[in-house]
Amino acid sequence: MPETQMIPTFQYLGTLEQSLHLTAQVAKHPGSEELLLVNRIPHCEESREFFRDLYSSFLHRPERSDFLEMFSIHQDFYAVFRYNEGPSLLELYDGCPGAAGKRLRLLTAALFQVQVAAGEFPAAVVCSLLQPENLLLDDEENIRLRYLLCPEFLLDGAACSVWDEAAALMEFLMGRELKKPYHKALRTIYKKCAAGLYPSLPAMISELEHAAENLAETGPIQALKAFVLRKKARIVQISWIGMVALLACLVIYLVTELTNQQTLEVSAISDIGTITYVASQDEDGDSMQLTDPADETGGGDITFSSLPDPTAELSSEDYIVQPGDTLASICAGYYGSAAYAELVASFNGLQTDETLDAGSILLMPLRDQLAQYLE
C-alpha cells in the first residue's frame, strides 16, 4: 500500500480488516514489542465530518492511554491505538454459557468501560466498541476494549444507535434469561434500552447493578414459586400418599417388633434344655430339683445311644477354631463337658482325636438338640 509505505515509523504485522472505507492493521514501532492498532480511513465526503468530530474528541482526552495519536497523510486519516489482545466476548459467550450472574457482571463492566473510554466520542465509535468482538477479556477476566471501527457505523452515522447496540449486547450476553418470565427486571431494562428511554449509559448501568444484586436471590426463588403454584394440587396429593405410606410402614414395624418379641420369649424357654424331674425332695417337701441332661455334674458319666451324622437335621451355631483348640477343649467350654467331643466330631464328619486347623469352622448343635442322643 503506498499510503503505509510513507509512514516509516511503523512496521505492519498483519491486516485485521480491509475495505474501501476502512483498513485496520496491527503494527509496531521498529525495535518495540508493543502492538499497535492503526485505522486508516480514506478522506471522503462520508468521513470528513466524522473525523473532524473524532479528532476533536481525542484532543480533549489526553489522558486516554489506549489512544496514541491521530494524523493525516494526503487523502487518508490515521488513528493509532494500543492493540489489545485476548479472547473476545463473541468467542467466549456465544450462546450464553455459564452462570447468569457472571454474564450480567461482564455486561455491566463492558458498558462501564465503553462509557469511560468513549463517552465523548462520536456515536460511530461507541457503537463499534459495543460489539462483542471488540470487548476483550484479559487474564483476570477484566473487560478491555479493542479499537476497531465498524464501517457500517462510519458511513451512515444516522443509522448508528448507541441504545440499539447496547440492547443487542445485552441480548447477546443475557438472551437466555430474557426469554424466562421470572427475570422481569432484566426484561424491563432491555425494553427501556431498546426504546432509548435511558438518559445516559450510567443510568442503565445503575439499574443493571441493582438487578445483579438480586439475580441470585430472585431467579431461583421465583422459579420455585412458579413451579409450586403450577403443581400445587399434585404436590398436595403426593404429600397425602407419602403420609399414608409412612403410617403403613409404622404399623408394619410395630407388628413385626411385637411378633419378634413373642418369638424370643418362647425361644428363651427352650434354651434351658430338656427338664426332668428327680425323685428326691428337700426336707420341707416344698421344692423339686431339676437337672439338665447336658450337665455333666448332674447326670454322672455321659453316654450316647447314637451319634448324628453330617446330614442330621440339627440346629447349630458356627464356631471358629482358635490356635490350640481340640474337640475336647471346645466342648468343655461350649457344653461344660468334654464328653460331647464324640458327638460333635460325628456331626462334623471328623475323628474325635483329629487335629483342628485354626480358622476352620465347626458346627455346634444347640443344647436342646442333644437329649435325643443320650441314653
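Presented here is a report on the structure given in the accompanying data block.

Parameters and conventions
- Residues numbered from 1 in each chain as written.
- Predicted model: local features only at pLDDT ≥ 70, side-chain atom pairs only at ≥ 80, totals over all residues.
- Heavy atoms only, no water.
- Helix = DSSP H or I, 4+ residues; strand = E, 2+ residues; numbered from the N terminus.
- Buried < 20%, exposed > 50% of the residue type's maximum accessible area, 1.4 Å probe, protein only.
- Contact = heavy atoms within 4.5 Å.
- Areas by Shrake-Rupley, 256 points an atom, 1.4 Å probe, with all protein chains shown as cover.
- Core = buried A, V, L, I, M, F, W, Y, C linked by side-chain atoms within 4.5 Å.
- Pairing = 2+ DSSP bridges.

1. Remarks on the overall build of the protein chain
When you go through the protein chain residue by residue, the secondary structure sums to 13 helices and 11 strands. Across the 375 residues in the protein chain, those meeting the buried criterion constitute 36%. In the protein chain, of all internal contacts separated by at least 6 residues, the share reaching a separation of at least 24 is 61%. Within the structure as shown, the protein chain displays about 21900 Å² of accessible surface, and the carbon and sulfur contribution to it stands at 55%.

2. Notes on the nonpolar core
Counting residues in each nonpolar core, the largest one holds 63 residues, and the members touching the most others are Leu89, Leu107, Leu111, Leu186, Met204 and Leu208. If we ignore the near neighbours within four places in the chain, the residues touching methionine 204 are Leu111, Trp163, Met170, Ile189, Cys193 and Tyr198.

3. Overview of the pairing of strand β1 (residues 11–18)
Sheet topology note: the β1/strand β2 (residues 23–28) ladder contains six bridges and is antiparallel. Its bridge partner lying in β2, tyrosine 12 is registered against alanine 27. Connecting the antiparallel pair β1 and β2 is a turn made up of four residues.

4. Considering the environment of glycine 359
Assignment of secondary structure puts glycine 359 in the loop between α13 (341–347) and β11 (361–365). Between the C-alpha atom of glycine 359 and that of glutamine 322, which follows or precedes it by 37 residues, the distance is 6.2 Å.

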